[in-house]
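Summary of the model geometry
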Amino acid sequence: MIEEHGRVVAREPGAIWVETVRAGVCDACQARKGCGHRLINQSGGQRARLRVLTRDTFQEDEEVVVGIPEGALLRGALWVYALPLVLLFSGALLGGALPLPFDGAALFGVLGLLLGFIINRWRDRGDRGRAYQPTVLRRCPAREDGAVRIVSS
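Right, let's walk through the structure included here. (Residues numbered from 1 in each chain as written. Predicted model: local features only at pLDDT ≥ 70, side-chain atom pairs only at ≥ 80, totals over all residues. Heavy atoms only, no water.)

Considering a nonpolar patch on the surface
The criterion, for reference: Residues enter patches when they are more than 30% accessible in relative terms and free of salt bridges; like-charged ones are connected within 9 Å and nonpolar ones (Val, Leu, Ile, Met, Phe, Trp, Tyr) within 5 Å. Using a 1.4 Å probe, the Shrake-Rupley method yields the accessible areas, and only the shown protein chains count as cover for residues. Salt bridge, as applied in this entry: a Lys or Arg side-chain nitrogen positioned within 4 Å of an Asp or Glu carboxyl oxygen. By definition, any uninterrupted DSSP run of H or I lasting at least four residues is a helix, any uninterrupted run of E lasting at least two residues is a strand, and each is numbered from the N terminus.
On the surface, Leu94, Leu98, Leu100, Phe102, Leu107, Val110, Leu111, Leu114, Phe117 and Ile118 cluster together to form a nonpolar patch covering roughly 890 Å² of accessible area. The element best represented in the nonpolar patch is helix 3 (residues 104-125), accounting for six residues. Note on placement: Leu98 falls in the loop between helix 2 (70-97) and helix 3.

This is the structure we're talking about:
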C-alpha cells in the first residue's frame with residue numbers, strides 16, 4: 001500500500017478533499033541536476049489535492065493518511081500509458097501495410113492513439129475507476145493539547 005499523509009481541506013457528501021505535501025527527497029538524490037522532478041517541485045508543484053471517497057465524517061484541517069494499493073497504481077499506469085502506445089504502433093503498422101494512396105501509417109497511428117484515449121476514458125467512467133481511487137487508511141492522532149499532530153512522510 002502506498003501511503004501519504006495529508007490534511008482535509010474540504011468536505012462534500014460522500015467524499016473529502018485531502019491536500020498532501022510531496023516529500024522532498026531531491027537533495028539526497030544523485031541525479032538532482034539532470035532531473036525534471038526537482039524543477040517541478042521548485043515551481044510550486046509540491047502540493048497535490050486528492051478527492052477521497054469516504055463514508056466517515058472528517059473535519060477540515062484534520063490530518064489523515066490516505067493510500068492506494070501498489071497493484072492499482074501499476075495497472076493504472078499500464079492502461080493509461082501502454083494501451084495508447086500499443087494501439088498507436090499497431091495502427092501505424094497496419095496503415096503502413098495497406099496499399100493506400102496516402103500515408104496510411106500516420107493516419108492509422110493517430111487513430112489508434114485516439115482509440116486508446118477513448119478506451120481509457122470509457123474505463124474511467126465505469127465502476128472500475130473506483131479501484132484507482134485513494135482511500136482513507138487512518139486518522140492521525142491528536143495531541144494532548146487538542147492540536148493535530150503533523151506527521152512528515
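Re the layout of surface pockets
Condition: Two kinds of site are reported from a 1 Å grid over the protein atoms alone, namely cavities, where a 1.4 Å probe fits but cannot get out, and pockets, open sets with protein on both sides within 12 Å along at least five of seven lines, and residues are called lining when an atom falls within 4 Å of a point. Grid points are joined across faces, edges and corners, and a volume is the space filled by probe spheres set on the points. Side-chain classes follow a simple rule in which Ala, Val, Leu, Ile, Met, Phe, Trp, Tyr, Cys and Pro form the nonpolar group, Asp, Glu, Lys and Arg form the charged group, and the remainder, Gly included, forms the polar group.
One number sums up the size of the largest pocket: a volume of about 300 Å³. Around the largest pocket, the lining is made up of 11 residues, and of these Ile2, Glu4, Thr20, Leu50 and Ile68 lie nearest the centre. Sorting the residues of the lining of the largest pocket by element identifies strand 1 (2-12), strand 3 (47-53) and strand 4 (63-68) as the ones contributing at least two each. Considered class by class, the residues forming the lining of the largest pocket number six nonpolar, two polar and three charged.

Side note on unusual backbone geometry
Applicable threshold: Three labels apply to residues, based on accessible area from a 1.4 Å probe with only protein chains included: buried if under 20% of the type maximum, exposed if over 50%, partly exposed otherwise in between.
Its identity is not glycine, yet Asp61 carries a phi of approximately 70 degrees, on the positive side. With respect to the helices, strands and loops of the structure, Asp61 is situated in the loop between strand 3 and strand 4. On the basis of relative accessibility, which here comes to 46%, the residue Asp61 falls in the partly exposed class.

Remarks on the pattern of salt bridges
Under the criterion given, the structure shown has six salt bridges. The partner of Glu19 in a salt bridge is Arg7, and the shortest N-O contact between them spans 3.1 Å. Placement of Glu19 in strand 2 (residues 15-21) and of Arg7 in strand 1 is noted, with a sequence separation of 12 residues between them. Arg7 gets classed as partly exposed once you look at its relative accessible area, which sits at 29%. Of the charged contacts, one joins Glu12 and Arg51 as a salt bridge, the two residues approaching to 2.8 Å between their closest N and O atoms. Pair noted here: Glu12 is in strand 1 and Arg51 is in strand 3, with a separation of 39 residues, a long-range link. On the accessibility criterion, Glu12 (30% relative accessible area) is partly exposed. A relative accessible area of 33% means that Arg51 is categorised as partly exposed. Through salt bridges with shared partners, a single network forms among Arg7, Glu19, Arg49 and Asp61.

Let's talk about the nonpolar core
How we decide: What we call a nonpolar core is a set of buried Ala, Val, Leu, Ile, Met, Phe, Trp, Tyr and Cys residues that are connected through their side-chain atoms within 4.5 Å.
Membership of the largest hydrophobic core is limited to seven residues, which are Val8, Ile16, Val18, Val52, Phe58, Val64 and Val66. Only strand 2 and strand 4 provide two or more residues apiece to this core.

So, helix 3
Stated formally: In this analysis, the expected span of each helix is defined as 1.5 Å times one less than the number of residues it contains. Note: the arc covers the axis-to-C-beta directions of the helix. Contacts were defined at the residue level, with two residues in contact if any of their heavy atoms lie within 4.5 Å.
In this model helix 3 runs 31 Å from its N-terminal to its C-terminal C-alpha over 22 residues, within 8% of the 32 Å that 1.5 Å per residue would give. Of the positions making up helix 3, those classed as buried are Gly104, Gly109, Gly112, Gly116, Asn120 and Arg123. Taken end-on, helix 3 shows its buried residues confined to a sector of 135 degrees, consistent with a single buried face. Opposite the buried face of helix 3, by more than 90 degrees, sit the exposed residues Ile118, Arg121, Trp122 and Arg125. Where helix 3 is buried, its residues contact helix 2.

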